[in-house]
Amino acid sequence: MIVFLTSSPSGPLGEPNDGRFLDGKNGFVDNLKQYWKHQMRGLIISADPDGYESNDEMRDFFTDAFAHSQVPVTGFDLWDHRCAISGTEPGMLTGYDVILLGGGHVPTQNAYFHEIHLREQMRGFAGMVIGISAGTMNSADVVYAQPELPGESLDPEYRRYLQGLGLTELMVLPHFQMVRDFILDGRRLIEDITFSDSYGRQFFALTDGSYIRIAQGESRLYGRGYRIADGQMTQICEDGASICL
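What you see is a predicted model; the values in this text were computed from it and never measured.

Draft legend 1. Quick peek at the sheet that holds strand β1 (residues 2–6). The 8 strands lie next to each other as β3-β2-β4-β5-β1-β12-β13-β16, forming an open sheet whose pairing is mixed. Of all the strands in the sheet, just β3 (73–79) and β16 (242–244) have a single pairing partner and so form its edges. Taking each pair of neighbouring strands and ignoring which way they run, the sheet shows an average axis angle of 20°. As defined by bridge partners, strand β13 (residues 218–222) adjoins β16 across 3 bridges and the pair is classed as antiparallel. The residue bridging L221 from the neighbouring strand is I243, located in β16.

Right, dumping it as structure tokens:
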């Protein structure tokens with residue numbers, strides 16, 4: 001299995017990709033093509049299984065983006081609550097070459113992944129996985145569900161650590177350039193919330209355009225990234241460079 005963990009494979013959020021291309025920053029498209037087979041068959045697994053309209057838009061967007069970037073796909077099937085198939089049936093991923101794990105609300109997506117038994121299904125998958133934002137976060141064995149919505153950081157019932165897909169041990173925080181100065185529930189998201197949660201752990205924060213490639217037993221960060229551990233943050237890589245994690 002080849003895994004790409006991204007914030008956004010189509011460029012920074014809030015900056016519309018008018019040409020509908022994949023983001024080639026830090027060699028992302030070139031790296032994809034190293035492992036790409038002609039006319040891959042794709043599957044998108046949504047973050048919100050009931051968000052049918054946004055799921056359809058996501059499928060159409062990425063179908064166009066891959067085609068325009070000359071990364072050929074036969075198309076993307078979409079897995080949400082409209083599907084009659086059940087994740088309890090073995091081999092549901094057979095026949096797919098690439099799986100996109102969509103972006104959205106981490107706990108909502110995590111619950112859906114458990115509903116369809118995706119962790120178990122992934123054990124037999126030999127193709128490529130591309131995580132997008134929440135999909136990247138839920139790829140971890142143990143997921144740090146960084147509080148995101150108002151009230152979550154104050155809710156004693158909110159679970160900050162969840163079982164993920166087990167594709168990596170790395171806990172990734174996407175869109176760092178957007179959330180760096182974010183205030184949630186009257187507190188600074190990074191310094192007051194995430195730093196406190198980092199004691200005894202480490203998180204890897206990625207700006208849009210940066211990504212982690214997992215292949216042949218190596219996890220390599222491409223582009224700007226930061227390590228947050230024990231209440232401290234250190235930049236570990238810059239755009240145009242890469243490091244082994």
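After that view of the structure, there is still more to cover.
Draft legend 2. Molecular detail of the side chain of Q146. Mapped onto the secondary structure, Q146 falls in the loop between β6 (142–144) and β7 (161–163). A distance of 2.8 Å separates a polar atom in the side chain of Q146 from a polar atom in the side chain of T194. Here Q146 is in contact with M137, Y158, L173, L189, I190 and T194, once residues within four sequence places are set aside.

Draft legend 3. A look at the side chain of Q121. Along the chain, the position of Q121 falls in helix α4 (residues 118–122). We classify Q121 as buried; its relative accessible area is 11%. A distance of 3.3 Å separates the side chain of Q121 from the backbone nitrogen of M92, its partner in a polar contact.

Draft legend 4. Structural context of unusual backbone geometry. At D185, a residue that is not glycine, the phi angle is positive and equals roughly 55°. Mapped onto the secondary structure, D185 falls in the loop between β9 (183–184) and β10 (187–188). Phi at Q216 takes a positive value of approximately 50°, unusual for a residue other than glycine. Structurally, the position occupied by Q216 is in the loop between β12 (211–215) and β13. On the basis of relative accessibility, which here comes to 67%, the residue Q216 falls in the exposed class.

Draft legend 5. Here's a closer look at the packing of aromatic side chains. Tallied over the full model, the rule gives 11 aromatic pairs. Arranged with centres 5.3 Å apart and planes meeting at 70°, the rings of F66 and F76 form a pair that is edge-to-face. Here F66, found in helix α2 (residues 52–68), pairs with F76, found in strand β3; they are 10 residues apart in sequence, far enough to count as distant. Between Y144 and F203, the aromatic rings sit 4.2 Å apart at their centres with planes inclined by 5°, giving stacked as the arrangement.

Draft legend 6. Expanded view of the nonpolar core. Among the nonpolar cores identified, the biggest contains 28 residues, and I45, L101, L118 and M122 are the most heavily contacted of them. Breaking this core down by element, the ones donating at least two residues are β1, β2 (40–45), β4 (98–101), α3 (106–115), α4, β11 (202–206), β12 and β15 (232–237). Contact partners of L118, with chain neighbours within four places excluded, come to I45, L93, L101, F113 and L165. With 26 residues, the next largest nonpolar core counts F28, L32, W36 and I130 among its residues.

Rules of the game
Residues numbered from 1 in each chain as written. Predicted model: local features only at pLDDT ≥ 70, side-chain atom pairs only at ≥ 80, totals over all residues. Heavy atoms only, no water. Pairing = 2+ DSSP bridges. Helix = DSSP H or I, 4+ residues; strand = E, 2+ residues; numbered from the N terminus. Axes fitted to C-alpha atoms, helices over the stretch in contact; angles between N-to-C directions. Polar contact = N/O pair within 3.5 Å; in protein donor to acceptor, adjacent residues only side chain to side chain. Contact = heavy atoms within 4.5 Å. Buried < 20%, exposed > 50% of the residue type's maximum accessible area, 1.4 Å probe, protein only. Phe/Tyr/Trp six-rings, centres within 6.5 Å; stacked < 30°, edge-to-face > 60°. Core = buried A, V, L, I, M, F, W, Y, C linked by side-chain atoms within 4.5 Å.

Take it as geometry only, folks, not as evidence of what the structure does.
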